[in-house]
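# Per-entry structural report
In case you want the letters, here they are:
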Amino acid sequence: MSVSPVVHIERVTKTFPQGNVTALQDIDLELTSGELVSLIGPSGCGKSTLLRVIGDLIQPTRGSITVNGKSASQARKDGDYGIVFQDPVLFDWRTVAKNIALPLEMLGWDRNRRRARVAEMLQLVELGGFAEHHPWQLSGGMQQRVAIARALSFEPSLLLMDEPFGALDEMTRERLNLELLSIWEKTGSTVVFVTHSISEAVFLSTRVVVMSPRPGRIAGVVDIDLPYPRTVETREAPRFFELVTEVRELLRSRGEHLLPEEEEALQ
Amino acid sequence: MTSRAARQAVEWLPALIVFVVVIGLWEGLVRALHVQQFLLPKPSTILSVFWTQRHTLWPAGWYTFKEALGGFAVGSGLGILAATVVARFKTAGTALMPIFIAANAVPIIAFAPIFGAWFNPISPHSKMAVAGVLCFLPVMVNTLRGLNSAKPRQIELMRSYAASELEIWRRVRVPSALPFLFTSLKVASVLAMIGAIVGEYFGGALNALGVLINTDAQIFQFQTAWAGILVASLLGIALYCAVGASERVVLRWSPQARDS
């Protein structure tokens, strides 16, 4: 089971007709079950596009994608994906509990089963007392936890996260990193995590996929051999810094044509 | 609860004071300066006519109110329908939107005599038509904006759940449109009352409020005309408040609804 690929990407190319941009070129990537893989790179390297291609929200121009042995569109129809975006994308007219229950409603779960699962998810993201609050009554970090709970509520085999903590302050971000890891260890889901923070990628992942821009390619893959469970101390371990340096150098070597502000974003 | 009521009372106090002062000044100045009755009657005179003529004024008001209500319902309903069609079918949008926007600049009230000719000028339908046409555009334009206000990410999220187009409408587009819709319905409620009354200025049943105001003004019964305007205002405010109240019920979840 652990060796079966969850996602198999073969020679995927995506060009956008507007401006003739090649967002992705000849991407080959395989994810196995239970992995937490980060996609990292400067803006414009196609990491979000790759995430959307995997999630069947964008169609590739060439190449093939299989998810759990099916086409990506079949996987989407089967509810194999949970998605978390940079902004929480909660629905203001729904309470926290109802936001989490949304995918369950779509899957036709009955009320009691929904209620039980929502209670479970609220515990998982430590928002027990906020079931009947509305999203705008919560802080940014809490809203993002609701989005994560919603994405996990139907136990998707694949969790796609597009810079989920990018808009949060550093403290909240590090706390949510730890929370994500503990959830991941509990649920055993496979996670694709897009970020442009090197330390976040190294801290979370089993593997870091480094991408370079124009056209978007995979510059290299770094295996992160830091032991789990990872803790606050992991960030201070010498091995952590070695891996951060390795990722950074990979980014630099392929990023001669980075704009200054992109370089800055990668610090 | 009591503290909330008290807070609301405090919030309303300044407006109430201004209102009382203005009425007081009006009364005082008209008396002091001996303003002619036909130029500006005293508030006390208007109020006394408002009371003595209540058996004429209120049935007339109710008659006109029903016209406004009919026009409001039909015009707003068609506005919502048109917005739905335009939001759903892009080609319909490209064909219709320029026309709607051009129509928006037309002083629609100018059509009032024409509607009188199209429908029976005595019948309430010509007034409903004026009120309805006035309501249509604001409701249509705002509802359309609302239906298109759903964020691309929200749609993407629904797609990731394999949601059908219909489900995306039901669960995302329609709820996002509701705050916009209610804003326009409040505007439309005011326009409907204006449309009905102005429509009646061009002819209508004898027991209609607009006809009554118009006739009384022509025969120098200005205090009665003013009392009629008072009835029209009260009914207009009532309709506006009714829409506002249903907004607060439907949009309980909205932070804006709580503030307003």
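Sequence order sets the numbering: in each chain, residues are counted from 1 along the sequence as written. Ligands are numbered from 1 and chains lettered from A, in the order in which they are written. Only residues with pLDDT of at least 70 are given local features in this predicted model, and only at 80 or more are side-chain atom pairs given and counted; all residues enter the totals for whole chains, interfaces and linings.

This part is about the overall build of chain A. Numbering of helices and strands runs from the N terminus, with a helix taken as a DSSP run of H or I at least four residues long and a strand as a DSSP run of E at least two residues long. Summing up its helical and strand segments, chain A has 9 helices and 10 strands in all. Radius of gyration means the value over C-alpha atoms here, while the globule rule gives 2.2 Å times the residue count to the 0.38 power. Taking 2.2 N^0.38 as the reference for a compact globule, 267 residues should give roughly 18 Å; the C-alpha atoms of chain A span a radius of gyration of 18 Å, in line with that estimate. If you line up chain A on its principal axes, its C-alpha atoms span 55 × 40 × 40 Å. Buried, partly exposed and exposed are defined by the number of other C-beta atoms within 10 Å of a residue's own C-beta, namely 20 or more, between the two limits, and 12 or fewer respectively, with C-beta atoms placed from the backbone. The 267 residues of chain A split such that 46% are buried. The contact rule is simple: place each C-beta atom from the backbone, and if two of them lie within 7 Å, those residues are in contact. Contacts in chain A between residues at least 24 apart in sequence constitute 71% of all its contacts with a sequence separation of at least 6.

Time to look at the environment of G34 of chain A. Residues and elements named next belong to chain A. Here G34 shows up in the loop between strand 2 (21-32) and strand 3 (36-40). Its 17 C-beta neighbours within 10 Å are what place G34 among the partly exposed residues. G34 sits 63 residues away from A97 along the chain, and the two C-alpha atoms are 27 Å apart.

Once that is clear, we can look at the packing of helix 2 (residues 43-52) of chain B against helix 10 (residues 222-250) of chain B. All names here are of chain B. Working convention: axes come from line fits to C-alpha atoms, limited for helices to the stretch in contact. Angles between N-to-C directions cover 0 to 180 degrees. Axis separation between helix 2 and helix 10 bottoms out at 8 Å; the angle between their running directions is 75°. Taken together, the axes of helix 2 and helix 10 are roughly perpendicular relative to one another. Contacts between helix 2 and helix 10 pair T45, I46, V49 and F50 from the former with Q223, T224, W226, A227 and L230 from the latter. When the residues that make up the contact of helix 2 with helix 10 are grouped by side-chain class, the tally is 6 nonpolar, 3 polar and no charged. Here the word oblique covers every angle except those under 35 degrees (roughly parallel), over 145 (roughly antiparallel) and from 65 to 115 (roughly perpendicular). Amino acids are sorted into nonpolar (Ala, Val, Leu, Ile, Met, Phe, Trp, Tyr, Cys and Pro), charged (Asp, Glu, Lys and Arg) and polar (every other residue, Gly among them).

Right, let's talk about the sheet that holds strand 3 of chain A for a bit. All names here are of chain A. Across the sheet, 6 strands lie side by side as 6-7-8-3-9-10; this open sheet has mixed pairing. Both edges of this open sheet fall to strand 6 (81-84) and strand 10 (217-223), since each of them pairs with a single strand only. Sheet twist, expressed as the average angle between the axes of neighbouring strands with direction ignored, equals 20°. Note: two strands are recorded as paired if DSSP finds a minimum of 2 bridges between them.

Right, let's get into the sheet that holds strand 2 of chain A. Residue and element names in this part refer to chain A. Spatially, 4 strands are ordered 2-1-4-5 in an open sheet, and the strand pairing comes out antiparallel. The open sheet has two free edges, formed respectively by strand 2 and strand 5 (70-71), since each of these has just one partner strand. Note: strand 4 (residues 62-67) against strand 5, 2 bridges, orientation antiparallel. Considered in strand 5, the bridge of T66 is made with S71.

The next subject is the pairing of strand 3 of chain A. Residues and elements named next belong to chain A. By the criterion of burial, strand 3 is predominantly enclosed, with 5 of the 5 residues buried. Here strand 3 shows no split at all, with L36, S38 and I40 on one side and V37 and L39 on the other all buried. Bridging between strand 3 and strand 8 (residues 190-195) involves 5 bridges; their strand directions are parallel. Among the inter-strand pairings, S38 is bridged to a residue of strand 8, identified as F193.

Residue and element names in this part refer to chain A. Domain segmentation is taken from an automatic or database assignment of domains. Segmenting chain A into domains produces domain 1 (5-80 + 156-259) and domain 2 (91-155). Averaged C-alpha coordinates put domain 1 and domain 2 at centres separated by 25 Å. Taken together, the contact between domain 1 and domain 2 spans 11 residues of the former and 9 residues of the latter. Among the elements that line the side of domain 1 that touches domain 2, the one with the most residues is helix 6 (residues 170-187), at 4 residues.

This paragraph deals with the interface of chain A and chain B. Counting residues at the interface gives 17 residues for chain A and 13 residues for chain B. Residue assignment for the side of chain A that touches chain B shows that the elements contributing at least two residues are helix 2 (72-77), strand 6 and helix 3 (96-106) of chain A. Here the residues of the side of chain A that touches chain B sort into 10 nonpolar, 3 polar and 4 charged.

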